[in-house]
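Per-entry structural report
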Amino acid sequence: MHIFTTSAAMIGVCMTVVGVLHVVTVLRKVDTFGDDLLCINSLIYLASCLTAYGALRTRRRKRNRRLERMADGFFLSGLVLSTIATAFITWAITGT
């Protein structure tokens, strides 16, 4: 349940940061790989959200466990990629 709601919120965070990042890159004339990473990141969070939703909706115990593990894996991958994207964005902005 927690991964479902948090993943959906993180998709919104990724979208917001991509929008703000585009404004910053235009003003500072900086090109960064961070927005591409955030786009991929939002897809990973979407996969996490959808698998968590599937786990909530299924009645089969075995399928539920498998979907929960998949949702956990996607969510943790998304967190790692969020950290990497943050590093790229920080280095690109402070490097100018």
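Below is a short write-up of the structure. Everything numeric in this text was worked out from a predicted model, so none of it was measured.

Describing two packed helices takes the angle between their axes plus the distance from one axis to the other. Contact pair helix H2 (residues 34-57) / helix H3 (residues 61-94): the axes reach a minimum separation of 8 Å and the direction vectors enclose 165°. Overall, the two elements H2 and H3 adopt an arrangement that is roughly antiparallel. As H2 packs across H3, the resulting crossing turns out to be left-handed. Of the residues belonging to the contact of H2 with H3, the class tally is 19 nonpolar, nine polar and one charged.

Here we come to the nonpolar core. The biggest cluster of nonpolar side chains holds 14 residues, and the ones touching the most others in it are Ile 3, Leu 38 and Tyr 45. The set of elements that each furnish at least two residues to this core consists of helix H1 (2-28), H2 and H3. Leaving out residues up to four positions away in the same chain, Tyr 45 has contacts with Ser 7, Met 10, Ile 11, Cys 14, Phe 75, Gly 78, Leu 79 and Ser 82.

Before going further, it helps to spend a moment on the side chain of Ser 82. Topologically, Ser 82 is positioned in helix H3. If sequence neighbours within four positions are ignored, Ser 82 has contacts with Met 10, Asn 41 and Tyr 45.

With that settled, the discussion passes to the environment of Ser 77. Its place among the elements puts Ser 77 in helix H3. We classify Ser 77 as partly exposed; its relative accessible area is 39%. Sequence separation of Ser 77 and Ile 44 is 33 residues, and the distance between their C-alpha atoms is 7.4 Å.

A surface patch of nonpolar side chains, amounting to about 350 Å² of accessible area, comprises Phe 33, Val 80, Ile 84 and Phe 88. Following the sequence through the fold, Val 80 ends up in helix H3.

Once that is clear, we can look at H3. Between its terminal C-alpha atoms H3 stretches 49 Å, which fits the 50 Å expected from 34 residues at 1.5 Å a residue. Every buried residue of H3 is listed here: Asn 64, Leu 67, Ala 71, Phe 75, Gly 78, Leu 81, Ser 82, Ala 85, Ile 89 and Ala 92. The inward-facing, buried residues of H3 contact H1 and H2.

Analysis parameters
Residues numbered from 1 in each chain as written. Predicted model: local features only at pLDDT ≥ 70, side-chain atom pairs only at ≥ 80, totals over all residues. Heavy atoms only, no water. Axes fitted to C-alpha atoms, helices over the stretch in contact; angles between N-to-C directions. Helix = DSSP H or I, 4+ residues; strand = E, 2+ residues; numbered from the N terminus. Parallel < 35°, antiparallel > 145°, perpendicular 65-115°, else oblique. Left-handed = near helix turned anticlockwise from the far one by under 90°. Nonpolar A, V, L, I, M, F, W, Y, C, P; charged D, E, K, R; others polar. Core = buried A, V, L, I, M, F, W, Y, C linked by side-chain atoms within 4.5 Å. Buried < 20%, exposed > 50% of the residue type's maximum accessible area, 1.4 Å probe, protein only. Contact = heavy atoms within 4.5 Å. Patch = residues over 30% accessible without salt bridge, like charges linked within 9 Å, V, L, I, M, F, W, Y side chains within 5 Å. Areas by Shrake-Rupley, 256 points an atom, 1.4 Å probe, with all protein chains shown as cover. Salt bridge = Lys/Arg side-chain N within 4 Å of Asp/Glu carboxyl O. Expected span 1.5 Å × (residues − 1).

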